[in-house]
Amino acid sequence: MTKNSVLIIDDEPDIRELLELTLARMGLETDCAESVAGAISKLKKRSYDLCLTDMKLPDGQGLEIIEHIQQHYPATPVAMITAFGSVETAISALKAGAYDFISKPIDLDRLRELIDTALKLTDTTEHIEYSDQVQLLGNAPTISALRKQITKLSRSQAPVYISGESGSGKEVVARLIHSNGPRASKNFVAVNCGAIPSELMESEFFGHVKGSFTGALENKQGLFEAAQGGTLFLDEVADLPLPMQVKLLRAIQEKSIRKVGSNEEQPINVRILSATHKDLSVEVEAERFRNDLFYRINVIELKVPPLRERKEDIPLLADFALSQLAKEWQLEKPSLTEQAIKMLDQYSFPGNVRELENTLERAYTLCEDNTIQKDDLQLFESSNTSAVDPLAGPPDNPQDAFGDLEGYLEAIETRAIKAALEKTRWNKTTAAELLGISFRQLRYKLKKNNIE
C-alpha cells in the first residue's frame, strides 16, 4: 500500500526534524524544502497529498506557496504554520486558499488531527454529493456559482459566514459544505442562537458539571462537545448577546472550552459555520456585534440568493416540494395550472424557498381534483379586493393608501407579523412577545389576516 506523502516547507532545522519525526510515526512519507523556490521545484517533480509551510521563508512568504498550489495543484491541501497569536496571518492564509493553519509552538495532537482530516479529502470534488434530505435545486446562474463555491469551501477548514434572507436555504448550504468535506462522517450540529434563553446560553454551548448551579443534577454535554470532530453551525449568530460573543470568541481562538462549574480546559476540534439574515457589518457598526468576533467568523462570506433573483427555478422547486409532500402523505402528486405557475412567478416571496414550500403545502390541502388552482395558493388576502399584496412587504409609497387605508395598514401589519414568525421559527408565543402583544391578540390577527 502506497504511503501518503507530505511536503514540509520550513527553514528551521529543528521544526523540520520535529515534523518529520511526528509524520513518520503516523506512517507518512515526508519530503522537505527550505524556501519558496525549493518548494516550487519539489512540487514540479512529484505530487503530494498535503503540504505544510511556514509563513516566513528566506526568499518569500508562505502565502506565495499557497497561491502557487491553488493555481497549479488545487487538489493538494496546504496548511500554514504561523507564529503564536498571529491571527491576521492565519486569516490571510485561509482567504488565500489554505486548508487550515497551526500556530507555533506546535501542539502535536492538534497537528495529528489536522493531518488526519486533510488526508480524508478526495482527489477531486467536481460535483456535490446530495442526500434525500439535503438538496440545492436550481439551474439559475447564481445557483450554479453557489455550487462551485460550496465545492471549493468543502475542501477548506476556514470559517464561513453564510448570508442571505430568511428562508433562502442557508442551513442547506451549511449542511452541504459539511457533508462534502472531510468531516462528513462526524456530527453536524445546528443551533439557532436566537432561540436559546440568555441565562442558559453558556451551559448550552459549553456544557456544565453536576452541581455547578441549582438544577444541574448531572453532567451536561454542550454543543461544542456534540460537534467534536465535525461542524458547528451557528444560525442567526447576530442574535447572540454581547457577553456570550466574548466567550464564543475565546473558544474559537483558543480551540478549547471550559464547562460551567469546571476549572479544566477541554480541547475542541470543530469547524465553525455561521449564518444570519441580518447584515452583520451593520450590526458591528451599531455595536450590537463584536468586531473581533465578526473578523473571526467572516473569513469567507458566502451569499445565498433570494428566490426573487432566481425565479426561473420556481417551477423546479415547486415540483420537488410537491413530490416530497406526496411521498410523505402517500398521495398522488398534484399538478399546478398555468395560472397558478404564473402567480408563483409574479410573487416576490419575502419568505423565499421556505415560504414557497409552506404555500404549496397549504394549497395541496385546499385543492380539488388534485389540481392546484390560482386561488388555492392564497397569495393575496382573499377578503381584500385592493391591488395591495399584503405579503409582499410594506408599500413603499404612502399614497398607495389613498382609497384603501384599511388594506394598506393590513399589508403592513401582516408583513410585521410574518417577519416576527419567521424570526421565531413560527413560535407564536415568542412572536407575540417580540411584537409586544398578547398571545390572544396575535391569534386573532392571524385569523383576521388569514396567515397560516
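Here the structure is a predicted model, which is why all the values come from computation and not from measurement. (Residues numbered from 1 in each chain as written. Predicted model: local features only at pLDDT ≥ 70, side-chain atom pairs only at ≥ 80, totals over all residues. Heavy atoms only, no water.)

Engineer: Tell me about the packing of aromatic side chains, and name the residues and values.
Structural biologist: Applying the stated criterion across every chain yields a total of six aromatic pairs. Centroid distance Tyr-347 to Phe-349: 4.6 Å. Interplanar angle 80 degrees. Geometry classified as edge-to-face. On the basis of relative accessible area, Tyr-347 is assigned to the buried category, the value being 3%. Linked through ring pairs, Phe-205, Phe-206 and Phe-224 together constitute an aromatic cluster. (Phe/Tyr/Trp six-rings, centres within 6.5 Å; stacked < 30°, edge-to-face > 60°. Buried < 20%, exposed > 50% of the residue type's maximum accessible area, 1.4 Å probe, protein only.)

Engineer: I'd like to hear about empty space enclosed by the protein, residue by residue, with values.
Structural biologist: For the coordinates displayed, the defined rule picks out three cavities of 30 Å³ or more. A volume near 270 Å³ is recorded for the largest cavity. Lining the largest cavity are 19 residues, with Gln-157, Pro-159, Ile-252, Lys-255 and Val-270 sitting closest to its centre. Those elements giving two or more residues to the lining of the largest cavity turn out to be helix 4 (87–96), strand 7 (100–103), helix 10 (242–254) and strand 13 (271–276). (1 Å grid on protein atoms, 1.4 Å probe; cavity = no way out; pocket = protein on both sides within 12 Å on 5 of 7 lines; lining within 4 Å. Points joined across faces, edges and corners; volume = space filled by probe spheres on them. Helix = DSSP H or I, 4+ residues; strand = E, 2+ residues; numbered from the N terminus.)

Engineer: Could you give an account of the layout of surface pockets, with specific residues and numbers?
Structural biologist: Roughly 1200 Å³ of volume is contained in the largest pocket. Lining the largest pocket are 46 residues, with Gly-167, Gly-169, Val-353, Arg-354 and Glu-357 positioned closest to its centre. Put simply, the parts of the chain that give the lining of the largest pocket at least two residues each are helix 7 (170–179), strand 10 (231–235), helix 13 (314–329), helix 15 (352–366) and helix 16 (405–423). Taken together, the residues of the lining of the largest pocket sort by class into 16 nonpolar, 11 polar and 19 charged. By volume, the second largest pocket amounts to about 670 Å³. Forming the boundary of the second largest pocket are 25 residues, of which Ser-103, Arg-110, Gln-253, Glu-254 and Lys-255 lie nearest the centre. Taken together, the elements giving at least two residues each to the lining of the second largest pocket come down to helix 4, strand 7, helix 5 (108–118) and helix 10. (Nonpolar A, V, L, I, M, F, W, Y, C, P; charged D, E, K, R; others polar.)

Any link to function would need more than the numbers given here.
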